[in-house]
Amino acid sequence: MNESLYKKRRETLLEKMQEGVAVLTNARLQTRSNDTEYPYRPNSDFYYLTGFKEDNSILVLIKTADETKCLLFVQKKVPEMELWTGKRLGVDAAKERFKVDEVFISEDFEKEMKVLMAEQHLLYYDLFSDDVLYKQLRALAKEMLHTRTVIVSPRSFSDITKLTQEMRLIKSREEIVQIKKALAITQKAHHHAMKVCKPELDEFVLQAEYEYIFKKEGAYSDAYTTIIAGGNNANTLHYINNDAKLKAGDLVLVDAGCEYGFYASDITRTYPVSGTFTQAQKELYEMVLDVQLKIIKAIKPKGSKKALQALSERLLTEGMVKLGILEGHVKTLMDEKSHKKYYPHGIGHWMGIDVHDPCPYSDDNGDEILFAEGMVLTIEPGIYLPEEDEALPEKYRGIGIRIEDDILVTKEGCENLSGSIVKSVAEIEAICKNK
Ligand code: GLY
Ligand code: MN
Ligand code: MN
């Protein structure tokens, strides 16, 4: 994405701010164990506002009655460090690249903030972050409060992420392009895996097949840890052990999506390990698929996630009654929440730079935010029937099915961004057999 886009986002954020100074820091390197680190992943808000992916960088936005300013702090270039951890952009190149007013080295942050905060009542930062930088900022504000020569210093603190998360709710054309790129790779991975999946394969080997395609196609990483859940393992919602063998006759539930350019994709497909659905699996699968298609069809501007949730619960309950999984009247079963036993999760969530994009679901009055053009959400109904549940018809025990797609709300309705990842029984069986 080009620099003007990030500049425009910073300007929008400044418009939403009251007079004050805002500080956002990029993520830090995280220790994996002893002295080894996880691969670096920038902070989503920071990346959204800068497109910069170096740690030890800080963004400062200033808004006064007369002007706005944008400052960036970057790690200075140290050749001895670059030998070990690679080249840094440095101040000079950063000045050229970023459309900000000034660039400093990160070491000067405290010194500069003393000057900047001495004229401000209000300090914005990520109030929910444990980052040490924000702790330092509060200490600095306290020190200034107790310094007689400082007349004005921040005594009010506000959460900057409230504003950034509101902004991230509506995706721009450029962001949709990124999500589509992520999905094109994720599609390749699911289709490839359906072809290579076979009985006795270890779940983690199937996981590796996904991750191989992700990397090969240029995705930075997975957007979340892949779930490869054969048979009854699908009834553990966040099953990430992926250490069992896939069995002939079972289904495998795979929740896998790559992150491309720091944009997520989030796709679940459930397919037969041996390539053909059994009759019982097909009955359940087609019921869930029918529900998923109906829900996607209902998405349009001014619609709501709560309405989709209610619809998914009603349709799945009806489906479960038809198949003999639940007995009784749909309304009574729903009032008693009986369906929750087998469909315990939500219908979906916002998706973007984060797989669970932390954008708001309700406004400041507590009213639900209605769908609008440019929002992206997942639709992921599922049904989970544990093998040990003797209340279930025997033929359905040990089956878990979820079908998940990523949906863009459009002007008139919606677009299924992952609509070309196969999901009908016939399509899945055809691709699974195409070894
Ligand atoms: N893959 C995480 C989710 O579906 O929400
Ligand atoms: Mn999801
Ligand atoms: Mn998912």
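Structural notes, computed from the coordinates. (Residues numbered from 1 in each chain as written. Chains lettered and ligands numbered in written order. Predicted model: local features only at pLDDT ≥ 70, side-chain atom pairs only at ≥ 80, totals over all residues. Heavy atoms only, no water.)

Let us now look at the sheet that holds strand 7 (residues 122–125). Read across the sheet, 6 strands follow the order 6-5-4-1-7-8 without closing on themselves; strand pairing throughout is mixed. The open sheet has two edge strands, strand 6 (102–105) and strand 8 (156–159), and neither has a second partner. This sheet shows a mean twist of 20° between the axes of neighbouring strands, independent of strand direction. Relative to strand 6, strand 5 (residues 68–74) runs parallel, the two being bridged by 4 bridges. Each bridged residue has a counterpart across the sheet, and for Val-74 the counterpart in strand 6 is Ile-105. Sitting on the sheet, helix 1 (residues 3–16) is in contact with strand 4 (58–63) and strand 5, with an inclination near 45° to strand 4. The strands touched by helix 4 (residues 90–97) within the sheet are strand 5 and strand 6, with strand 6 carrying the most contacts at an inclination of about 160°. (Pairing = 2+ DSSP bridges. Helix = DSSP H or I, 4+ residues; strand = E, 2+ residues; numbered from the N terminus. Axes fitted to C-alpha atoms, helices over the stretch in contact; angles between N-to-C directions. Contact = heavy atoms within 4.5 Å.)

Moving on, we get to the pattern of salt bridges. This model, assessed by the stated rule, comprises 35 salt bridges. The partner of Lys-245 in a salt bridge is Asp-202, with the nearest N and O atoms 3.1 Å apart. On the criterion of sequence distance, the pair formed by Lys-245 in the loop between strand 10 (227–230) and strand 11 (251–255) and Asp-202 in the loop between helix 8 (173–196) and helix 9 (203–216) is long-range, its members being 43 residues apart. In this structure, Arg-269 and Asp-405 form a salt bridge, with 2.8 Å as the shortest nitrogen-oxygen distance. With Arg-269 in strand 13 (residues 268–272) and Asp-405 in strand 17 (residues 405–409), this pair connects stretches of sequence that are 136 residues apart. One salt-bridge network, held together by shared partners, links Asp-45, Arg-168, Lys-171, Asp-354 and Asp-357. (Salt bridge = Lys/Arg side-chain N within 4 Å of Asp/Glu carboxyl O.)

Each α-helix turn comprises 3.6 residues. Residues three or four places apart therefore point the same way. Buried within helix 5 (residues 109–117) are the following residues: Phe-109, Glu-112, Met-113, Leu-116 and Met-117. All buried residues of helix 5 lie within an arc of 120° about the axis, which places them on one face of the element. Exposed positions of helix 5 whose direction lies more than 90 degrees from the buried face are Lys-111 and Val-115. Against strand 1 (20–25), strand 4, strand 5, strand 6, strand 7 and helix 6 (132–145) lie the buried residues of helix 5. (Buried < 20%, exposed > 50% of the residue type's maximum accessible area, 1.4 Å probe, protein only. Arc of directions from axis to C-beta.)

Going residue by residue along strand 7, you find Leu-122 and Tyr-124 tucked away on one face and Leu-123 and Tyr-125 tucked away on the opposite face as well. In this sheet, strand 8 lies alongside strand 7 in parallel orientation, the contact comprising 4 bridges. The residue bridging Leu-123 from the neighbouring strand is Phe-157, located in strand 8. Running through helix 6, the crossover from strand 7 to the neighbouring parallel element strand 8 is right-handed. (Right-handed = clockwise from strand over helix to strand, strands pointing away.)

We now examine the packing of helix 5 against helix 6. It is at 11 Å that the axes of helix 5 and helix 6 come closest, and there the two elements cross at 50°. Overall, the two elements helix 5 and helix 6 adopt an arrangement that is oblique. Crossing handedness for the pair helix 5 and helix 6: right-handed. Contact residues: helix 5 offers Phe-109, Glu-110, Met-113, Lys-114 and Met-117, while helix 6 offers Leu-133, Leu-137, Leu-140, Ala-141, Glu-143 and Met-144. (Parallel < 35°, antiparallel > 145°, perpendicular 65-115°, else oblique. Left-handed = near helix turned anticlockwise from the far one by under 90°.)

The 3 strands lie next to each other as 10-11-13, forming an open sheet whose pairing is antiparallel. Taken across any chain shown, the strands that pair with only one partner, and hence form the sheet edges, are strand 10 and strand 13. Averaged over neighbouring strand pairs, the angle between their axes works out to 15° when direction is ignored. Pairing of strand 11 with strand 13 involves 5 bridges; the strand directions are antiparallel.

What follows concerns helix 1. With 14 residues, helix 1 should cover 20 Å at 1.5 Å per step; its first-to-last C-alpha distance of 20 Å lies within 8% of that length. Looking only at helix 1, the buried set comprises Glu-3, Leu-5, Tyr-6, Arg-9, Arg-10, Leu-13 and Leu-14. In this structure Asn-2 caps helix 1, since a side-chain oxygen of it lies 3.0 Å from the backbone nitrogen of Ser-4. (Expected span 1.5 Å × (residues − 1). Polar contact = N/O pair within 3.5 Å; in protein donor to acceptor, adjacent residues only side chain to side chain.)

We now examine the coordination of the manganese ion (ligand 2). Protein coordination of the manganese ion (ligand 2) is provided by Asp-266 (OD), His-349 (NE2), Glu-380 (OE) and Glu-404 (OE), with donor distances spanning 2.0 to 2.2 Å. For the manganese ion (ligand 2), the 6 donor atoms in the first shell make angles of 51 to 154° at the metal, a pattern classed as irregular. One chain supplies every donor for the manganese ion (ligand 2), spaced along it as D-x82-H-x30-E-x23-E. The manganese ion (ligand 3) is placed at 3.3 Å from the manganese ion (ligand 2), the two being bridged by Asp-266. On the criterion of sequence distance, the pair formed by Glu-380 in the loop between strand 14 (376–379) and strand 15 (382–385) and Glu-404 in the loop between strand 16 (399–402) and strand 17 is long-range, its members being 24 residues apart. (Donors = N, O, S within 2.8 Å, 3.2 Å for Na, K, Ca; no water. Tetrahedral: all angles 85-135°; square planar, octahedral: opposite > 155°, others 65-115°.)

Now for the coordination of the manganese ion (ligand 3). Taken together, Asp-255 (OD), Asp-255 (OD), Asp-266 (OD) and Glu-404 (OE) make up the full set of protein donors to the manganese ion (ligand 3), lying 2.1 to 2.3 Å away. Along the chain, the residues donating to the manganese ion (ligand 3) are arranged with the sequence spacing D-x10-D-x137-E.

Along the polypeptide, Asp-255 turns up in strand 11. When its relative accessible area of 7% is taken as the criterion, Asp-255 is described as buried. Separated by 3.3 Å, the side chains of Asp-255 and Thr-268 make a polar contact. Of note is the side chain of Asp-255, whose polar atom sits 3.0 Å from the side chain of Arg-402. When neighbours within four sequence positions are excluded, Asp-255 is seen to be in contact with Tyr-224, Thr-225, Thr-226, Ile-227, Asp-266, Ile-267, Thr-268, Arg-402 and Glu-404.

Of all hydrophobic cores here, the largest spans 64 residues; its most connected members are Leu-206, Tyr-210, Tyr-271 and Ile-383. For this core, the element with the most residues is helix 10 (residues 279–297), which contributes 9 residues. Residue contacts for Ile-383: discarding those within four places in its chain leaves Leu-284, Met-287, Val-288, Met-320, Ile-325, Tyr-342, Ile-399, Gly-400 and Ile-401. Within the second largest apolar cluster, 42 residues are counted, among which are Tyr-47, Ala-94, Ala-223 and Leu-408. (Core = buried A, V, L, I, M, F, W, Y, C linked by side-chain atoms within 4.5 Å.)

Interhelical geometry of helix 1 versus helix 7 (residues 160–167) gives an angle of 125° and a closest axis separation of 10 Å. With respect to helix 7, the element helix 1 is oriented oblique. Crossing handedness for the pair helix 1 and helix 7: right-handed. Across the interface between the two elements, Arg-9, Thr-12, Leu-13 and Lys-16 of helix 1 pack against Ile-160, Leu-163, Thr-164, Glu-166 and Met-167 of helix 7. Partitioned by chemical class, the residues of the contact of helix 1 with helix 7 number 4 nonpolar, 2 polar and 3 charged. (Nonpolar A, V, L, I, M, F, W, Y, C, P; charged D, E, K, R; others polar.)

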